[in-house]
Structures are given as structure tokens and as C-alpha cells.
Amino acid sequence: MHDEIHVVLKFAAGLVRNTVRSASYNVILQVMFRILTFMMNGILLRYTTKDMIGIVNVRLMLLNQTIVFVAREAFRKACLSKTADKRWGQVINLLWCVSPLGVLLSSVLGYVWLYLLEIPDPVKIPNYPLAVIVFAACGSIELLSEQLWVVAQAFVFLRLKVVIEGIANFARCVITLGLVVFVPDLGIIAFCIAQMAFSLLSMVLYYVYFIYYINSNPKEKLTAANDFPLKSVRDFFPKTLTDRSFVSLGLAHLTWSFFKQSFLKKILTEGERYIMTLFKVLTFSQQGIYDVINNLGSLVARCVFMPIEESYYTFFAHTLERGSSADQQSPKSAKMASETLEVVLKFVVLVGLKFLVFSYSYSFLLLDIYGGATLRSGEGPSLLQWYCLYVLIIAVNGMTECFMFAAMSKDDVDSYNYKMMVFSAVFLGASWYLTVLGSVGFVIANCLNMLLRIYHSLIFIHNYFKAAPHLKPLQGLVPSPLVLVAYAISWA
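These numbers were taken from a predicted model, which means no experiment stands behind them. (Residues numbered from 1 in each chain as written. Predicted model: local features only at pLDDT ≥ 70, side-chain atom pairs only at ≥ 80, totals over all residues. Heavy atoms only, no water.)

Caption draft 1: Structural detail: the overall build of the chain. Each helix and strand counted, the chain has 19 helices and zero strands in total. For the chain, the C-alpha radius of gyration of 23 Å lies close to 23 Å, the compact-globule estimate for 492 residues. Principal-axis analysis of the C-alpha atoms gives the chain an extent of 70 × 55 × 40 Å. Scored against the burial criterion, the 492 residues of the chain give a buried share of 56%. (Helix = DSSP H or I, 4+ residues; strand = E, 2+ residues; numbered from the N terminus. Rg over C-alpha atoms; globule rule 2.2 N^0.38 Å. Buried < 20%, exposed > 50% of the residue type's maximum accessible area, 1.4 Å probe, protein only.)

Caption draft 2: Main features of the environment of I289. Following the sequence through the fold, I289 ends up in helix 11 (residues 284–297). Placed 235 residues apart in sequence, I289 and G54 show a C-alpha to C-alpha distance of 7.4 Å. Among residues more than four places away in sequence, those in contact with I289 are K50, T374 and L375. (Contact = heavy atoms within 4.5 Å.)

Caption draft 3: Spatial organisation of the side chain of S248. When you line up the elements, S248 lands in the loop between helix 9 (219–224) and helix 10 (249–279). Separated by 3.3 Å, the side chain of S248 and the backbone nitrogen of L251 make a polar contact. (Polar contact = N/O pair within 3.5 Å; in protein donor to acceptor, adjacent residues only side chain to side chain.)

Caption draft 4: Spatial organisation of the pattern of salt bridges. The full count for this structure, using the stated rule, is eight salt bridges. As a salt-bridge pair, K239 and D235 come within 2.4 Å of each other at their nearest N and O atoms. Residue classification places K239 among the partly exposed residues on the basis of a relative accessible area of 30%. The closest approach of N and O atoms between R453 and E401, which form a salt bridge, is 2.8 Å. With a gap of 52 residues between them, R453 in helix 18 (residues 439–464) and E401 in helix 16 (residues 380–407) connect regions that are remote in the sequence. The network of salt bridges with common partners includes K266, E270, R273 and D291. (Salt bridge = Lys/Arg side-chain N within 4 Å of Asp/Glu carboxyl O.)

Caption draft 5: Inspection of a nonpolar patch on the surface at higher detail. Taken together, Y111, Y115 and L116 make up a surface patch of nonpolar side chains, about 400 Å² in accessible area. Mapping Y111 onto the fold places it in helix 4 (residues 98–116). On the basis of relative accessible area, Y111 is assigned to the partly exposed category, the value being 48%. (Patch = residues over 30% accessible without salt bridge, like charges linked within 9 Å, V, L, I, M, F, W, Y side chains within 5 Å. Areas by Shrake-Rupley, 256 points an atom, 1.4 Å probe, with all protein chains shown as cover.)

Caption draft 6: Looking closely at the environment of K260. As for its position among the elements, K260 is in helix 10. Among the residues examined, K260 registers a relative accessible area of 32% and is labelled partly exposed. In sequence terms K260 and A395 are 135 residues apart; their C-alpha atoms lie 24 Å from each other. When sequence neighbours within four positions are dropped, the list of residues in contact with K260 reads D414 and N417.

Caption draft 7: Looking closely at the nonpolar core. Membership of the largest hydrophobic core comes to 160 residues, with the highest contact counts inside it found for F210, F316, M399 and F403. Excluding anything up to four places from it in sequence, F316 contacts A337, T340, L341, M399, C402, F403 and A406. (Core = buried A, V, L, I, M, F, W, Y, C linked by side-chain atoms within 4.5 Å.)

Caption draft 8: Layout of the environment of S145. Structurally, the position occupied by S145 is in the loop between helix 5 (128–142) and helix 6 (146–154). Judged by its relative accessible area of 4%, S145 falls in the buried class. Each C-alpha atom of the pair S145 and S99 lies 8.9 Å from the other, and the pair is 46 residues apart in sequence. With near-sequence residues (within four places) excluded, S145 lies in contact with S202, M203, Y206 and Y207.

Listed below in C-alpha cells is the structure:
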């Protein structure tokens, strides 16, 4: 018994250590990417038009990201979950469903973007139809390495994602700036070439790495290494299995539950962009300014909070048995999950408060330095100030939903899908109504949407730990009075 406890504790300590390291590497990746994007947008504001920035960063990137997110998000959440019937041959077979789904989405959404949405003035923005085809195709290309991404996450290849996405993002930024500055006549084609380079590198580098990894390790070592599923290049691709079904029905059903949710989650995450795109409530120029300030305002959220959410989702999914409440988990797993959630909630709240307190007053100065009169005039400063509040709210929402999605049963996921329909309707209605305030209305609508989702997540977490009253992870949401006083004085 003593040996078994020692093994469990050793595994738990290793999981926590790997999760923290993974979060650290992801933060580094996001910081590098955001710094590159920050610099690129600052230069682009001086070498291209606001209309071009709006079309590329809002219209075309929305197309690409919708394809990628909807096609893969459900598969990632399901296949990284801790389930009893998980077999890697079946998991890889299931993950290859992402690719045809991506092609289907590329075709359908490409048609919508070409024929059902407003077409930019061909004099100002030539070659727009070609750009739609390229950005849609890029989404399908990125999905071709999805099975390798999941294997890398599950077997804790910590630096792989950082290196590959870092190289791809750096290439995209360098190519974009090089072509825009030195070959300005290319117009939107410059952005197409850069996006294609990003997608190809993101896909090819995963295959190159795992081919190298397999060839440089003996098969005996690969077999012994936690049942590592990739022992030859053939294992990268789907194949029939002699002793079991082609895919796990349990994982397939769980994926379907998450898939229905992914549409709604995308609307909730990018709802304002869909409203801009579908209903023309802002001009392309206004969309360009909104996107630049959105990237600026969400810098902390994307650099710090998103990598933490991704890493700790993997941690909670590995630690907890999905669908079982805290009293049904092993005591050590429940205690470790509770203490980890409390600490991470405390961390993200403090970071969010720091951003709110110190960034609010410097919004005008930052926009003046960064973009000059283009950004500091109009509603730019007030838009960035509202983002300071939004960052604090999104910090809490990200971590509470991270735990909830990792612990939910399949029935809980299905039930949450219906609630997300209500959240989506409220959010879209608020976004539409608040456009009377201009771009600021989208940020306020996002705040309201996130507060609704936080309320639902808090109820789930409270009920999850209700049967184990000694575990109180939600205490991490409330800083000590002295900390709050210090922030209040700093604000003043």
C-alpha cells in the first residue's frame, strides 16, 4: 500500500510540474507571438490602409479561425480527456475526421464569404475573391497535423508547440512586413502568401519532428514510454484495428457533444466580429481600428491567460475522472485539483486587477505612441479603457470554464449546449443593441456575456465540491482586504 501511495504521489507531482512548465512555455510562445503582432500592426498602420487591416484581420482571419476552431476544438477536448475506453489507435482514427470536416467547412464558409457577404470595393481592395479561397484553404491545411498535436500534448512534448508555432508566426510576420513594405503593389496577395507560409509550416514541422523522433529512438524505447502510439510513420494515419472497433463510440459521442458546443462557443468568443461581418454595423476602416485596439487590449489575456487555460485543462482532464463529483474522485486527486484551482484563480485575479488598475490611466498615451493620431483620436482611448475591465472578467471566466469543461460529464456537456444557446442569444442581442455606442458597445456586450458564463461556472464548481466541504477552491477569487486596499490606492 505504501508503495502504491508513493507511485500516485510521484505521478501527481510530475503532472503538476509538467503542467506548470507547459503553461510557462505557452506563455513564452504567446508573448513572442503578441510582440511580433504588436510590432507588425504598428508598422502596417504606416504602410497600408485601415480598410486593408479591417478586411484581413477581421473578415479573412475570422474565416480561417472559424474553420480551424470548429473543426478541431471538440476533438481536442474529447481526446485529451481521461476516459476508461481510451485506446490510441482509435483516438488517431477519430482525429482524422478533423480533416474532411475542415474541407467541408472551408467549402461552405468560403461560399458564404464570397457570395453572401458584402464584397469590398475592387478598386481599393483587388483580388479579394482569391484571398477568400487562400484563407479558407489554409484552414484545411493546418488541420492535417491535428493527430500529432494531440499526441504531443498528451505525452507532454512541452517545447514542441512553442518552437513550431513560434517559427510559423515569425515567418508570417516577416513575410507580411517584407512584402507590404518592399512590394506594396501586391496588396492583399502579400497577406495571402504570409498566411499560406504559416499554415504549411504549422503542419509540416509536426511531421518532420515526429519522423525524426521515431527514427532516432529504438522501437523498444517507444513501446516502453507510456504506451507511446507512434512507432512508425504508418501510425500517423488511420488504419483498421483487429481487436477493437475503428473508433471508440464513447469518445465519438463525447466529441459530438463538444462539437455542438463549439459552434456556440465560437459565436460567444468572436460574436462581435460576426456581427461586424454579417450586418455591416461598422465600416471596414472602423473594423481595422477595432481590431488593432482589440489586439492591444487583449494582449495580457492572450499572452498569459490563454496558455494557462490550455495547460490546466490538460491537468484537470488528466487528474479527474470525467463526470464524477469531488467525493467520487480519489481523495488525493480531488484535493490536488481543488488546491490547484484555488491557486490559479488567485493568480489570474491578481494579474487582471493589476492590468485594470495600471493600464486604465495610460490608454491615451499608449495609443498616441503606438499609432499616432490614427488611434488616439475618436473612440480609441475609451475602447481600450473598457478592455481593461474586460481583461479582469475574461481572466476569471477562462479558469472557471477550464475546470468546468474538464470535469463535466457527457450529459452535463449536452445540457450546457442549450444554456450556451441562451448566452449566445443574449450576447448577440446586446451586441446589436449596444452598437449605438459604437465599437465600445461590443466590449460592453462581451463583459455582460462573460459575467453570465462566470455565474454558470461558479454554480457548477460549487455543486461539484459541495459533497466535500473541506475543499473550497472558489476562495481564490477573493483577494485579501489589504491587497484590495493597495489596488484602490494605486488606482487613485
